[in-house]
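Remarks on the overall topology
Here's the letter readout for the chains.
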Amino acid sequence: MATKKPLLVITDFDGTLSLTDVGYEVLLKFSGQGWDDIDRDYCEGRIGSREAYGRIVAILGGTREDMLRFVAENTVVDPHFKEFYAFCREHGIDVKVVSDGLDFYIDFVLRKHGFADIPFYSNVMTFHDGRPLSIEFPHANEACNKCGTCKSNILQASRDRFGKILYVGDGYSDLCPARKADLVFAKGILWTRMAQKKQQGLRKYRTFRDVRDFLSDNGFHPGR
Ligand SMILES: [Mg+2]
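The structure reproduced in this document is the subject of the present report. (Residues numbered from 1 in each chain as written. Predicted model: local features only at pLDDT ≥ 70, side-chain atom pairs only at ≥ 80, totals over all residues. Heavy atoms only, no water.)

Thoughts on the sheet that holds strand β3 (residues 120–128)
Pairing in this open sheet of seven strands is mixed, and the strands run β4-β3-β2-β1-β5-β6-β7 from one edge to the other. This sheet does not close on itself; its edge strands, each paired only once, are β4 (131–136) and β7 (202–204). Averaged over all pairs of adjacent strands, the angle between their axes in this sheet comes to 25°, without regard to strand direction. Here five bridges tie β3 to β4, and the two strands are oriented antiparallel to one another. Bridging from a neighbouring strand, V124 pairs with E136 of β4. Packed on one face of the sheet, helix α3 (residues 49–57) meets β2 (94–102), β3 and β4 and runs near 165° to β4. Contacts from helix α6 (residues 103–112) reach β2 and β3 within the one sheet, and its direction differs from that of β3 by about 115°. (Pairing = 2+ DSSP bridges. Helix = DSSP H or I, 4+ residues; strand = E, 2+ residues; numbered from the N terminus. Axes fitted to C-alpha atoms, helices over the stretch in contact; angles between N-to-C directions. Contact = heavy atoms within 4.5 Å.)

And the structure:
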């Protein structure tokens, strides 16, 4: 059996690696009438993100180019992610991004900031003549209707190759995978919800500097 690598970091994208919720901002900006109803149904748990996306794509205006221009102007990446990622590379720690958002802006932001080599798993928006055509779910869990991307499946599929899995996130779609991780760095609603349950291995964080400092202080140094 191949030896396991000591540690994998799995991080959410919107609100986590990117401080801005890029997906939310793009959909809000480019959707026409009907957005409020879809957003309310999703936030109140009446529909999962797959149904929400199916309804949103029908009311989206603008082109891929317009959307990416907006993303370029309105995205703020965690200012400490760069040094965190450099630390991980230096110490042989793998990093993966999981998102219930959309591939076109995640790919754009990762490339723009020099993180093109980080693998990411997300929903996929297709375009025709530069305009949104459909949203597809290559990482869906057919047994569960909630999320477009099943972050838990991606985490579980990595189990046999890594000794420990550290999860970083902020939102509702992180609750399910975070419960399956060995260590969780949480903020926002993820922190609030998990702190209520007193989950083991849970830590509150503000920026990726906190995650790096923790790894540095606690000897997660596979190279040692
Ligand atoms: Mg998030």
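Describing helix α4 (residues 64–74)
Where α4 is concerned, the buried positions are M67, L68, F70 and V71. Buried residues of α4, seen end-on, are gathered within an arc of 155° and therefore sit on one face of the element. Among the exposed residues of α4, those pointing more than 90 degrees away from its buried face are E65 and E73. Contacts made by the buried residues of α4 are with α1 (22–30), α6, β3 and β4. (Buried < 20%, exposed > 50% of the residue type's maximum accessible area, 1.4 Å probe, protein only. Arc of directions from axis to C-beta.)

Remarks on α3
All of the buried residues in α3 are S49, R50, A52, Y53, I56 and V57. Seen from one end, α3 has its buried residues packed into an arc of 160°, which puts them on one side. Check the buried side of α3 and you find it contacts α1, α2 (35–43), β2, β3 and β4.

Structural notes on the packing of helix α5 (residues 81–90) against helix α10 (residues 208–217)
It is at 8 Å that the axes of α5 and α10 come closest, and there the two elements cross at 25°. On the basis of the axis angle, α5 is roughly parallel to α10. When you trace α5 past α10, the crossing you get is left-handed. Contacts between α5 and α10 pair F81, E83, F84 and F87 from the former with F208, R209, V211, R212, L215 and S216 from the latter. Among the residues forming the contact of α5 with α10, the class breakdown is six nonpolar, one polar and three charged. (Parallel < 35°, antiparallel > 145°, perpendicular 65-115°, else oblique. Left-handed = near helix turned anticlockwise from the far one by under 90°. Nonpolar A, V, L, I, M, F, W, Y, C, P; charged D, E, K, R; others polar.)

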